[in-house]
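What follows is each chain in one-letter form.
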Amino acid sequence: MSRVYNFSAGPAALPESVLQQAADEMLDWQGSGMSVMEMSHRGRHFMGIAAEAQALLRELLAVPANYKVLFMQGGGLAENAIVPMNMLRGKASADFIDTGVWAGKSIAEARKYGGVNVAASAKATNYTTIPPRDSWRLDPDAAYVHICSNETIGGVEYHFTPDVGEVPLVADMSSSILSRPVDVSKYGLIFGGAQKNIGPAGLTLVIVREDLLGGALPITPSAFDYTVVAENDSMYNTPPTYAIYIAGLVFKWIRAQGGVAAMEARSAAKAALLYGCLDSTAFYKAPVARDCRSRMNVTFFLHDQRLDKPFLEGAEARGLVQLKGHRVVGGMRASLYNAMPLEGVQALVAYMKDFEKSHG
Ligand SMILES: *Cc1c(COP(=O)(O)O)cnc(C)c1O
């Protein structure tokens, strides 16, 4: 067996020990005589798996008791509709900070359900910055303020938690959740698809403050009404059972590594290594402003884009895969989620130096 270093932006690499445990338990989960995939979501085995996954997540992120943790389906894009349907709560509009592709999608979708105020935008910098907090024109009557904590495509990340006063802060953390500690109490709602930093596609995580529940628009599908989902312990409809099981194994793996603080230290080291390489030469270029650089998705260009193809082919030959940038940005993108070991980044940097020597 040979495994590559997979720099995919998502679905993304998972810890090898998690995959190994899942393989070992595939046919017979802990003496149950069945695979987790075959279990009733209301049976005692799976209820235990789901409860443990939730408890671990609460522990990792120190989720306060007045927040619900929901395991849903639909991904980050469905949440772009589900959030306004649930969170407008009779208000006319919500504020958005436009930081790139993913914030842009949230803005477009929210317009179907209510008013949208783009309180700040990084469009003028071609989305290579996060608009500084003091430039935001927030509406004190907004239902909530929506941010995208990490723009997976552009490679910009918030390195601060914005203070937005009494208005609930909503964050799309699809591509940065569990990569650093967060003070959940500063947010009204956090959501994220699992397939970047948590587990398999199909699971969407929502952490929501209890007092914000109960105000969904009447058109909200019941399966997407946070109150209904919360009242039914995420079992109103069949949840993505296998994805929850794998997420639970990943949570356990994070805890064994030292928790999210350890993930933060490791992420900082990995990102510093790669950005250090990019900054050390004119052969490569990192487009994002230094103080907004994503630790999760590192975007970069080769100085001559005719070298893109040989760069990617040479990387693949060394087992370094999925480095092609998103077509919106072009160039390269290396995603360094929790499961990417430091050794993977070291191998990438060694390759980049060799490639520069032979093509510079
Ligand atoms: C991947 C991603 C999404 C979309 O997730 P889907 O599961 O494809 O709906 C939304 N927001 C961010 C920041 C993402 O990285």
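Residues numbered from 1 in each chain as written. Predicted model: local features only at pLDDT ≥ 70, side-chain atom pairs only at ≥ 80, totals over all residues. Heavy atoms only, no water.

**Examining the sheet that holds strand β12 (residues 297–302)**
Then step 1. One open sheet holds the three strands; their spatial order is β11-β12-β14, and the pairing between them is antiparallel. Looking at the sheet topology across the chains shown, the edges are occupied by β11 (284–285) and β14 (332–335).
Then step 2. When β11 meets β12, the two strands line up antiparallel, connected through two bridges. By the bridge assignment for β12, Tyr284 is matched with Leu302. (Pairing = 2+ DSSP bridges. Helix = DSSP H or I, 4+ residues; strand = E, 2+ residues; numbered from the N terminus.)

**As for the domain arrangement of the protein chain**
Then step 1. The domain boundaries assigned to the protein chain delineate domain 1 (17–256) and domain 2 (259–359).
Then step 2. Relative placement of domain 1 and domain 2: their C-alpha centres are 27 Å apart.
Then step 3. Listed by partner, the interface residues are 26 residues for domain 1 and 25 residues for domain 2.
Then step 4. Summing both partners gives a buried area of about 2,100 Å² for domain 1 against domain 2, and 57% of it is carried by carbon and sulfur.
Then step 5. Counting every contact that joins domain 1 to domain 2 gives two salt bridges.
Then step 6. Salt-bridge contacts for Arg180 lead to Glu264; the nearest nitrogen and oxygen are separated by 3.9 Å.
Then step 7. Our enumeration of links across domain 1 and domain 2 arrives at 14 residue pairs in polar contact (both at pLDDT 80 or more). (Domains from an automatic or database assignment. Contact = heavy atoms within 4.5 Å. Buried area = accessible area lost by both parts, 1.4 Å probe. Salt bridge = Lys/Arg side-chain N within 4 Å of Asp/Glu carboxyl O. Polar contact = N/O pair within 3.5 Å; in protein donor to acceptor, adjacent residues only side chain to side chain.)

**Quick notes on the packing of aromatic side chains**
Then step 1. Overall, the coordinates contain twelve aromatic pairs when judged by the stated rule.
Then step 2. Relative to Tyr144, the ring of Phe96 has its centre 6.1 Å away and its plane inclined at 70°; by these criteria the two rings are edge-to-face. You can see Phe96 sitting in strand β3 (residues 93–98) and its partner Tyr144 sitting in the loop between β4 (115–121) and β5 (145–148), a full 48 residues away along the chain. Taken as a pair, Phe96 and Tyr144 share a single burial class, namely buried.
Then step 3. A ring pair is formed by Tyr158 and Phe160, whose centres lie 5.4 Å apart and whose planes are at 55°; its orientation type is tilted. (Phe/Tyr/Trp six-rings, centres within 6.5 Å; stacked < 30°, edge-to-face > 60°. Buried < 20%, exposed > 50% of the residue type's maximum accessible area, 1.4 Å probe, protein only.)

**Quick look at a nonpolar patch on the surface**
Then step 1. A cluster of nonpolar side chains, Met26, Leu27 and Met37, forms an exposed patch at the surface whose accessible area comes to about 320 Å².
Then step 2. Secondary-structure assignment places Met26 in the loop between α1 (16–24) and α2 (44–61). (Patch = residues over 30% accessible without salt bridge, like charges linked within 9 Å, V, L, I, M, F, W, Y side chains within 5 Å. Areas by Shrake-Rupley, 256 points an atom, 1.4 Å probe, with all protein chains shown as cover.)

**Comments concerning the nonpolar core**
Among soluble globular proteins, nonpolar side chains are generally buried collectively.
Then step 1. Within the largest apolar cluster, 59 residues are counted, with the highest numbers of intra-cluster contacts made by Leu61, Leu178, Ile207, Tyr245 and Phe251.
Then step 2. Ranked by the residues each element gives to this core, the list is headed by helix α6 (residues 241–257), at eleven residues.
Then step 3. Mapped onto the domain boundaries, this core takes at least three residues apiece from domain 1 (17–256) and domain 2 (259–359).
Then step 4. Among the nonpolar cores identified, the runner-up in size contains 27 residues, and Tyr284, Leu320, Tyr351 and Phe355 belong to it. (Core = buried A, V, L, I, M, F, W, Y, C linked by side-chain atoms within 4.5 Å.)

**Thoughts on the site of the ligand**
Then step 1. Neighbouring the ligand are Gly75, Gly76, Leu77, Trp102, Cys148, Asn150, Thr152, Asp172, Ser174, Ser175, Gln195 and Lys196.
Then step 2. Within the backbone of Leu77, one N or O atom sits 2.8 Å away from an oxygen atom of the ligand.
Then step 3. At a separation of 2.6 Å, an oxygen atom of the ligand approaches a polar side-chain atom of Lys196.
Then step 4. Across the complex, the protein chains shield 86% of the 390 Å² of accessible surface that the ligand would expose by itself.
Then step 5. The class makeup of the residues in the shell around the ligand is three nonpolar, seven polar and two charged. (Near = heavy atom within 4 Å. Nonpolar A, V, L, I, M, F, W, Y, C, P; charged D, E, K, R; others polar.)

**Quick notes on helix α3 (residues 75–87)**
Then step 1. If you check α3, its first and last C-alpha atoms are 17 Å apart, about what 13 residues at 1.5 Å a residue would give, namely 18 Å.
Then step 2. Of all the bends in α3, the greatest, near 30°, is centred on Ala81, and the proline Pro84 appears no more than four residues after it.
Then step 3. The element α3 is extensively covered by neighbouring structure, given that twelve of its 13 residues are classed as buried.
Then step 4. The positive-phi residue at the C-terminal boundary of α3 is Arg89, with phi of around 45°. (Expected span 1.5 Å × (residues − 1). Bend = angle between axes of the 7 residues up to and from the residue.)

**Looking at unusual backbone geometry**
Then step 1. Cis geometry is adopted by the peptide bond preceding Pro11, which originates at Gly10 and carries an omega value of -10°.
Then step 2. The backbone of Gln30 sits at a positive phi, close to 40°, despite the residue not being glycine.
Then step 3. Along the chain, Gln30 turns up in the loop between α1 and α2.
Then step 4. Phi at Asp233 takes a positive value of approximately 50°, unusual for a residue other than glycine.
Then step 5. With respect to the helices and strands, Asp233 occurs in the loop between α5 (226–231) and α6.
Then step 6. Accessibility expressed as a relative area gives 58% for Asp233, which makes it exposed.

**Examining empty space enclosed by the protein**
Then step 1. One pass over the structure, following the stated rule, counts two cavities of 30 Å³ or more.
Then step 2. Forming the walls of the largest cavity are 15 residues, and the residues nearest its centre are Ala13, Leu14, Asn197, Ile198 and Ala339.
Then step 3. Looking at the lining of the largest cavity residue by residue, the classes come out as ten nonpolar, four polar and one charged.
Then step 4. What the second largest cavity holds in volume is close to 30 Å³.
Then step 5. Lining of the second largest cavity is provided by Asn6, Ser8, Ala12, Ala13, Ser335, Tyr337, Ala339 and Met340.
Then step 6. In terms of residue class, the lining of the second largest cavity is made up of five nonpolar, three polar and no charged. (1 Å grid on protein atoms, 1.4 Å probe; cavity = no way out; pocket = protein on both sides within 12 Å on 5 of 7 lines; lining within 4 Å. Points joined across faces, edges and corners; volume = space filled by probe spheres on them.)

**Quick look at the packing of α2 against α6**
Then step 1. The geometry of α2 relative to α6 is characterised by a closest axis approach of 9 Å and an angle of 40° between their N-to-C directions. For the element pair α2 / α6, the angle class is oblique. Note that α2 runs across α6; the crossing there is left-handed. On α6, the residues that touch Phe46, Ile49, Ala50, Glu52, Ala53, Leu56, Leu57, Glu59 and Leu60 of α2 are Thr241, Ile244, Tyr245, Gly248, Phe251, Lys252, Ile254 and Arg255.
Then step 2. Split by residue class, the contact of α2 with α6 holds eleven nonpolar, two polar and four charged. (Axes fitted to C-alpha atoms, helices over the stretch in contact; angles between N-to-C directions. Parallel < 35°, antiparallel > 145°, perpendicular 65-115°, else oblique. Left-handed = near helix turned anticlockwise from the far one by under 90°.)

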